[in-house]
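Architecture at a glance
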Amino acid sequence: VKMPEDRGWERGFHAHQETGRSRVRRDAYERIYEDPEYSGMRKNRELDMKEKIVLPASIDALYEAVLFVTGQMTDQGLGGCEAVELAVEEIFVNIVCYAYPEGKGEVEISCGLDGRDFVMTFADQGVPFDPTAYPKPDLEAPAGERPIGGLGIYLVCQYMDSVSYKREGSRNLLTVRKCMKER
């Protein structure tokens, strides 16, 4: 898969390959980047700029999730941020893969500025799961010997300034913050 130069996905994609991440995640990358209309759609598509979007918990909605968040950043006068895009991808795909083992569900993404912080909250009604409590991966072990799982949320925690989780009623709420110094 040839990755465009202007996207931050390449690092995440290769990290998943090295750690044996699921085929579902690689399929999403292939679908996005092999689509001949992708780059044109990314540049020309008009988004309904709103602070919240509800999407099906489906790998097919990953593209829409990333477009929504990056569109909100643009609407707020912020430049692109690869760390934010990586966080959206990791969190959204984890919800798709693990939150709804019994069937279909939805992911609600809300985002905006809080002072100098760009804040995103991901909400789902799936299986209760606190990703911040997941053990840190053993980065010293060779990639082929590491157990699958945990590297994505580790990367999110490394690239974001704050990651917090709470269970509110039947909803998982994961909130991430990134300080946008140039504002």
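First, a word on what this report is: a plain description of the structure on this page. It should be emphasised that the depicted structure is a prediction, and the values quoted were computed from it without experimental measurement.

This part covers the overall build of the protein. Looking only at helices and strands, the protein has 6 helices and 5 strands in total. For the protein, the succession of helices and strands along the chain, N to C, is α-α-α-β-α-α-β-β-α-β-β. When the 183 residues of the protein are sorted by exposure, 46% land in the buried category. Contacts in the protein between residues far apart in sequence, at least 24 positions, make up 65% of those at least 6 positions apart. With an accessible surface of roughly 9900 Å², the protein has 48% of that area assigned to carbon and sulfur atoms.

Another point: the side chain of Thr-121. Within the fold, Thr-121 resides in strand β3 (residues 117–124). Here the side chain of Thr-121 touches Thr-175 through a polar contact of 3.1 Å, side chain to side chain. Once residues lying within four places of it in the same chain are set aside, the contact partners of Thr-121 are Glu-108, Ile-109, Ser-110, Leu-173, Leu-174 and Thr-175.

Turning our eyes to something else, we now look at the pairing of strand β4 (residues 162–168). In the sheet, β4 pairs with strand β5 (residues 171–179) via 7 bridges, with the strands oriented antiparallel. Looking across to β5, one finds that Ser-164 is bridged to Thr-175.

In this structure, Ile-109 and Met-120 are the most contacted members of the largest nonpolar core, which totals 38 residues. Where this core is concerned, the elements lending two or more residues are β1 (52–56), α4 (62–75), α5 (82–98), β2 (106–114), β3, α6 (151–159), β4 and β5. Here the element with the most residues in this core is α5; it accounts for 9 residues. Not counting residues up to four positions away in its chain, the partners in contact with Ile-109 are Glu-51, Lys-52, Ile-53, Leu-55, Ala-65, Phe-68, Val-69, Phe-92, Thr-121 and Phe-122.

Here the focus is the pattern of salt bridges. What the rule picks out here adds up to 4 salt bridges. For the salt bridge of Lys-166 with Glu-168, the shortest nitrogen-to-oxygen distance reads 3.4 Å. Note on Lys-166: relative accessible area 45%, which makes it partly exposed. Shared partners join several salt bridges into a network, and the residues in it are Asp-114, Asp-117 and Arg-177.

So, on to the sheet that holds β1. Whenever strands of a sheet pair, they do so through backbone hydrogen bonds, lying parallel or antiparallel. Taken together, 5 strands build an open sheet; the order of strands is β1-β2-β3-β5-β4 and the sheet is antiparallel. At either margin of the open sheet sits one strand with a lone partner, and together these are β1 and β4. Across the sheet, the axes of successive neighbouring strands diverge by a mean angle of 20°, strand direction being ignored. Examined bridge by bridge, β2 and β3 share 8 bridges and lie antiparallel to one another. In the sheet register, Val-107 faces β3, and the bridge partner there is Asp-124. Relative to β2, α4 is tilted by about 15°, and along the sheet it contacts β1, β2 and β3.

Calculation notes
Residues numbered from 1 in each chain as written. Predicted model: local features only at pLDDT ≥ 70, side-chain atom pairs only at ≥ 80, totals over all residues. Heavy atoms only, no water. Helix = DSSP H or I, 4+ residues; strand = E, 2+ residues; numbered from the N terminus. Buried < 20%, exposed > 50% of the residue type's maximum accessible area, 1.4 Å probe, protein only. Contact = heavy atoms within 4.5 Å. Areas by Shrake-Rupley, 256 points an atom, 1.4 Å probe, with all protein chains shown as cover. Polar contact = N/O pair within 3.5 Å; in protein donor to acceptor, adjacent residues only side chain to side chain. Pairing = 2+ DSSP bridges. Core = buried A, V, L, I, M, F, W, Y, C linked by side-chain atoms within 4.5 Å. Salt bridge = Lys/Arg side-chain N within 4 Å of Asp/Glu carboxyl O. Axes fitted to C-alpha atoms, helices over the stretch in contact; angles between N-to-C directions.

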